[in-house]
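Here is how the chains run, residue by residue.
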Amino acid sequence: MNKTGIIFDLDGVIVDTAKYHFLAWKHLADDLGFEFTETHNELLKGVSRVRSLEILLDIGNIKLSEEKKQEILISKNEDYLSYITKMGPEEILPGVTALLDTLDGLGIQYVLGSASKNATLILKKVNLFERFIGIVDGNSVFKAKPDPEVFLLGAKMLKLKPEKCIVFEDAIAGVEAANAANMISIGIGDKQTLHKADFNFKDLTEISSDFIKELSTIKEKKEQKVEKIENK
Ligand code: G6P
Ligand code: MG
């Protein structure tokens with residue numbers, strides 16, 4: 001089998017922390033006096049904490065000093081952590097453990113590629129930390145998704161060329177980052193939202209061992225895209 005490696009996004013792929021981000025951002029919007037909805041929250045998926053605050057303030061049409069923004073970022077994270085610290089393995093999303101077992105069985109290595117600065121803590125809380133051979137997170141990258149930096153660092157950890165890497169992502173920015181890195185992008189979630197992905201699945205329960213084996217035979221992203229169109 002051709003050597004491939006996998007890069008997993010965390011929030012929305014491994015665990016559903018988006019609901020906790022939503023609660024923390026919503027508390028903040030309530031304090032600032034404007035409505036923040038689940039639809040607004042979609043815009044923050046895959047986006048760094050600092051950028052999320054900018055988007056949120058734009059929604060509320062609010063201007064704040066740098067000092068106040070820093071203060072808010074700290075309190076938002078404290079609020080978010082109050083949920084995260086209560087997490088356990090029962091919050092691992094369906095299909096994740098089975099897929100990791102399949103990858104272990106096939107000898108395919110995997111790393112994490114997340115914008116979150118809390119990624120290590122979350123993986124430890126759900127007892128998955130030890131399974132990943134490396135973690136690229138919000139503490140190790142300078143440029144946020146859709147910039148490919150996070151995934152290119154992941155490829156280095158896997159000691160593979162980018163085109164040999166497969167990315168699982170639930171966010172538009174993440175799919176764009178994977179495509180920009182010339183990796184095979186797999187969108188997890190709504191197919192229409194993630195239409196730029198090379199392949200789409202509702203969740204990880206839909207990923208079979210045969211699909212992973214087939215992916216390993218793809219030589220180049222370009223060729224695979226042609227195949228995908230022919231199969232439609
Ligand atoms: C992920 C989530 C984003 C979040 C970002 C930063 O990409 O999808 O919603 O803003 O991580 O997370 P952090 O834990 O550092 O605040
Ligand atoms: Mg995500």
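See the structure printed just above.
Each chain has its residues counted from 1, running along the sequence as written. Lettering for chains starts from A, numbering for ligands starts from 1, and both go in the order in which the items are written. Side-chain atom pairs in this predicted model are given and counted only at pLDDT of 80 or more, local residue features only at pLDDT of at least 70, and totals for whole chains, interfaces and linings cover all residues. As a rule here, side-chain values come from all non-hydrogen atoms in the structure, and water together with hydrogens is ignored.

Peer 1: Provide a residue-level description of the coordination of the magnesium ion (ligand 2), including the pertinent values.
Peer 2: Keep in mind that water is not among the atoms, so a site may look incomplete; donors are the N, O and S atoms within 2.8 Å of the metal, or 3.2 Å for Na, K and Ca. Of the protein atoms, only Asp9 (OD), Asp11 (O) and Asp170 (OD) coordinate the magnesium ion (ligand 2), at distances of 2.0 to 2.1 Å. In terms of primary sequence, the donors binding the magnesium ion (ligand 2) are separated according to D-x1-D-x158-D. You can see aspartate 9 sitting in the loop between β1 (5-8) and α1 (18-32) and its partner aspartate 170 sitting in the loop between β4 (165-169) and α8 (172-180), a full 161 residues away along the chain. Here aspartate 170 falls in the buried class, since its relative accessible area comes to 16%. Under the scheme used here, helices are H or I runs from DSSP no shorter than 4 residues and strands are E runs no shorter than 2 residues, and both carry numbers assigned from the N terminus. For every residue, the accessible area obtained with a 1.4 Å probe (protein chains only) is divided by the maximum for its type, and the residue is called buried under 20%, exposed over 50%, and partly exposed between those limits.

Peer 1: Go over the environment of leucine 64 with me, naming the residues and quoting the values.
Peer 2: Among the structural elements, leucine 64 can be located in the loop between α3 (49-59) and α4 (66-84). Taking C-alpha positions, leucine 64 is 26 Å from tyrosine 83, a pair spaced 19 residues apart along the chain. It only takes one pair of heavy atoms within 4.5 Å for two residues to be counted as in contact. Residues contacting leucine 64, with those up to four places away along its chain left out, are Leu57, Lys69 and Ile72.

Peer 1: Could you give me a rundown of the nonpolar core, with the residues and numbers involved?
Peer 2: Residues belong to one nonpolar core when they are buried, are Ala, Val, Leu, Ile, Met, Phe, Trp, Tyr or Cys, and are joined through side-chain atoms within 4.5 Å. Ranked by internal contacts, the top residues of the largest apolar core, which has 40 residues, are Phe8, Ile14, Phe168 and Ile186. For this core, the element with the highest residue contribution is helix α5 (residues 96-106), accounting for 4 residues. Residues in contact with phenylalanine 8, not counting those within four places in the same chain, are Val13, Ile14, Leu99, Leu100, Leu103, Tyr110, Val111, Leu112, Gly113, Phe132, Phe168 and Leu204.

Peer 1: An account of the site of ligand 1 is needed here, citing residue identities and associated values.
Peer 2: Every one of the 14 residues lining ligand 1 counts as a neighbour, but Gly46, Val47, Ser116, Lys117 and Asn118 are closest to it. Polar contacts, as counted here, are pairs of nitrogen or oxygen atoms within 3.5 Å of one another; within protein the pair requires one atom able to donate a hydrogen and one able to accept it, and residues that are adjacent in sequence qualify only if both atoms are side-chain atoms. Between ligand 1 and glycine 46 there is a distance of 2.8 Å, counted from an oxygen atom to a backbone nitrogen or oxygen. Contacts to ligand 1 include serine 116, whose side-chain N or O atom sits 2.7 Å from an oxygen atom. Partitioning the shell around ligand 1 into residue classes produces 4 nonpolar, 6 polar and 4 charged. Note on definitions. A residue lies near a molecule or strand when any single heavy atom of the residue is within 4 Å of it. All amino acids are sorted into three groups, where Ala, Val, Leu, Ile, Met, Phe, Trp, Tyr, Cys and Pro are nonpolar, Asp, Glu, Lys and Arg are charged, and the leftover types, Gly among them, are polar.

Peer 1: Outline α4, supporting the account with residue identities and numerical values.
Peer 2: Expected span of a helix: the number of residues minus one, times 1.5 Å. Taking 1.5 Å per residue, 19 residues should reach 27 Å; α4 reaches 27 Å between its end C-alpha atoms and fits that length. Every buried residue of α4 is listed here: Lys69, Ile72, Leu73, Lys76, Asn77, Tyr80, Tyr83 and Ile84. In a view along the axis of α4, the buried residues occupy a sector of 135°, so they form one face of it. Away from its buried face, by an angle of more than 90 degrees, α4 presents the exposed residues Glu67, Ile74 and Glu78. On the buried face of α4, the contacting elements are α1, α3 and α6 (119-125). This arc is built from the directions going out from the helix axis to the C-beta atoms.

Bear in mind that shape data such as this cannot, by itself, settle questions of function.
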